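# Geometric and topological summary
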Amino acid sequence: MAVLQKIRQRSALMIVVIALALFAFIAGDLFNKGNFGTSSKDVGSVNGKDISFEEFRVKVSNVEKSQQGITATAAANRVWEQEVSIALLTSEFEKLGLRVGSKHIMEVLKADQNIGKNPIFLNAAGVFDEAKFKEYFKSNPEQAQFLKDREKDAELNAKYQIYNNLIKAGLYTTESEGKLKYEMEANKVNFAYVAGFYSTIKDSNVKVSDDEIVAFMKKNEKKYKADETREVEYVLIEDKASPEDEAEVKAKINGLLSGSVVYNQATSKNDTLPGFRSATNIVEFVNSNSDLPYDSTYVAKKDLPAVDADKLYNLAPGAIYGPYMFGKYYCISKSMGRKVGVNAKASHILISYEGTQVPNKKEKRTKEEAKAKAESILAQVNANPDSFMMLAFTASDDSSSQQGGDLGFFGPNQMVKPFNDFVFGSSIGKVGLVETDFGFHIIKVTDKQDGIRLATIAQKIEASEATSDKVFTQATQFEIDASEKDFAKTAAAMKLTVAAPVTVKVMDEAFGPLGNHRNIVSWVFEDATKLGDVKRFEVANLGHVIAKVKKVNAEGLMAVDLVRSYVEPILKNKKKAELIKAKMSGTSLEAIAKATGSAVQQATDVTMENPVLTGGVGQEPKVVGNAFALAAGKLSAPIEGNTGVYVVKNNSTFKAPALTSHAAYVSKLKAQSAGDVNRVLPTLKDNAKIEDNRKQFNY
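In this convention, every chain numbers its residues from 1, walking through the sequence in written order. Residues qualify for local features only when their pLDDT is at least 70, as the model is predicted, and side-chain atom pairs are given and counted only at 80 or more; totals for whole chains, interfaces and linings, by contrast, use all residues. The basis for every side-chain value is the complete set of non-hydrogen atoms in the structure, without hydrogens or water.

Runs of H or I in DSSP of at least four residues are treated as helices and runs of E of at least two as strands, each being numbered from the N terminus. Along the chain, His-662 falls in the loop between strand 24 (644–654) and helix 22 (663–672). Leave out the neighbours within four places in its chain, and His-662 touches Glu-175, Gly-178, Lys-179 and Tyr-182. Only heavy atoms enter the contact rule, under which two residues are in contact if any of them lie within 4.5 Å.

On to helix 11 (residues 282–289). It helps to recall that an α-helix has 3.6 residues per turn; residues three or four apart then point in one direction. Among the residues making up helix 11, those that are buried are Ile-282, Phe-285 and Val-286. Summarising the axial view, the buried residues of helix 11 lie within an arc of 95°, below the 170-degree limit, and thus occupy one face. Among the structural elements, strand 12 (329–351) and strand 15 (439–460) are those in contact with the buried residues of helix 11. Whether a residue is buried, partly exposed or exposed follows from its accessible area with a 1.4 Å probe, protein chains only, as a fraction of its type maximum: under 20%, in between, or over 50%, in that order. Read the arc as the range of directions from the helix axis to the C-beta atoms.

So, about the pattern of salt bridges. Any carboxyl oxygen of Asp or Glu within 4 Å of a side-chain nitrogen of Lys or Arg constitutes a salt bridge here. Under the counting rule described, the total for this entry stands at 35 salt bridges. Note that Glu-185 is salt-bridged to Lys-668, the shortest N-O span being 3.3 Å. In this pair, Glu-185 is assigned in helix 8 (residues 175–186) and Lys-668 in helix 22, connecting sequence segments 483 residues apart. Residue classification places Glu-185 among the partly exposed residues on the basis of a relative accessible area of 25%. Under the relative-accessibility criterion, Lys-668 is labelled partly exposed at 37%. The salt bridge involving Asp-203 is made with Lys-576; its shortest N-O contact spans 2.6 Å. Highlighted residues: Asp-203 in the loop between strand 5 (188–197) and helix 9 (210–219) and Lys-576 in helix 19 (residues 560–583), separated in sequence by 373 residues.

Another point: the sheet that holds strand 4 (residues 49–52). An order of 4-3-25 is seen for the 3 strands of this open sheet, with the pairing classed as antiparallel. Each having just a single partner strand, strand 4 and strand 25 (690–692) make up the two edges of the open sheet. Strand after strand, the sheet turns through a mean of 20° between neighbouring axes, direction not considered. Angles run from 0 to 180 degrees between N-to-C directions of axes, and those axes are lines fitted to C-alpha atoms, restricted for helices to the stretch in contact. Packing of helix 3 (residues 72–96) onto the sheet brings it into contact with strand 3 (42–46), strand 4 and strand 25, and relative to strand 3 it is tilted by some 40°. One bridge is not enough; two strands pair if DSSP finds at least two bridges between them.

With that settled, the discussion passes to a nonpolar patch on the surface. A contiguous nonpolar patch, built from Met-389, Met-390 and Phe-393 and spanning about 310 Å² of accessible area, is present on the exposed surface. Within the secondary structure, Phe-393 sits in helix 14 (residues 388–395). Residue classification places Phe-393 among the partly exposed residues on the basis of a relative accessible area of 34%. Patch rule: a residue counts if its relative accessible area is over 30% and it has no salt bridge; like charges are joined within 9 Å, and nonpolar side chains (Val, Leu, Ile, Met, Phe, Trp, Tyr) within 5 Å. Accessible areas in this description were obtained via Shrake-Rupley with a 1.4 Å probe; residue shielding takes into account the shown protein chains only.

Here is the structure:
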């Protein structure tokens, strides 16, 4: 049973679907997250095929259980992608009439190492035994559902393997394509041209309206398709310490330096308590008065707070420094003494051998051969110490070879014991040979750092109850006022800053720069939440976020303001092109250059494979293509390119000699198209009718 439990937890078969893993799920108990806020039974549909919410949430629950730390929303997003992919691919399998037999399914099951390598199913020779596998489930009928689920997953996986192979088999490159590739690389054209660059016309001289941007997007709807989104503006009122709170903590820290007198109720007398300066039990004093416990380790200067490192490091034993700030703490520190060599720096050359757990051995060798080589290298280093770095580059099996063997600074016991003992037991400059489980190390101790032990009392600077009450009152008042008045003006009147708007989708977890705040996103998309609504959210360790729904973007085309920076230059260049073409009059390049105020330029030995015009112009494939198409001496019509409008005249075209075979170029194209199979699933999604109802449910 323990073995089966392990399989249940860890052996979900991975169905690799192009760039997406389709996870197999084990049926489990339904989980209940309270009121799901809807009577709908379906979480969505793919091409008319419904995805049951009940089944969906079981799978979400299983992902949450198997993926430690994953949030419910992230699990729901993952399962949704998987369900959509499975639905689309299953439909394709059905159209093709794909079928798989029991042998194929068994091969897929065996490929899962938690099944194929499971000791309970192996024979005496350590090989998977199908008979033992079947016998196990025959002898344990209560596990029948488990096997049924696994076989169902394996069948889907097997069909995908066939489907994937069919697609790959349908991808081929012809000899003609190879020939075209060769000609694009080898044919060359020389031409003269006149360019009217778009940059010669000021952007302010051409206007692009919102309607024109929308019309452009409608011609390219798939590219500019957008999910439903909300734009939210917000004010963050941090629940942080006030200057008065900081002063109070600082005064409290200062008060610990000297002794204090307190009334003892038991004796009815005043007791004089020692301060930090005179305390005899420093450890107890620190632990009684600090928000951070006493740390007995010796610390190198580089690990001390940067601003105060010099003063702290140079404290005499028993001396006190502070108060000083370290992050969100006010601190006072007393020196408890110094220690030599708390950190060490070393370089090494590792010579490993067969059997050691070293991944990138430079050569195969026995332990005896490795020892002999290490001793030889040690002799070379002793004879010529300056050769250490080069020998590490060329001979070491460790990744540190790229740094000449340098391991940087490290503390005691960070390295394996023999290595650690040599480094911390040797002086700077010492070179020696040490054996560890990784092999033989030629070690050079290159530096050491002294350290200081500090007894530090640190008290956190945080908002007092009074301050938090003031912040709460302010946040609540702002929420009330902003619900009735202009959001920005209300913020300005209260000397608050309105943050840059955040755009969120229905299944987002992150709320802009504030990070994971799913509760804000959920509120924004609730049916009851309308445009202009305002709500306050109390955020742990941060303060209060007062959010306002600024804009509602329905599913469809992207919002104009989101695409303007990309689309507007395209449309402006179109308009600039018409203005430039109107100037390009004349029957020769010289006349056109004069009319446009430009010069005749020359392009030499340009290919279609690399259609670059020099002089900082860049890629202009349409211009180069037109030049190839022209007869020698002929002039083109104006050509709208990437950077301007061009008129070209073909000077000469060089055609590469014919080849008897274009196999090398066919191979190039095959390599370039090897990833085309990855485009199948995204294409299926683009062409599918997908209805997503997830926003109706809580996760």
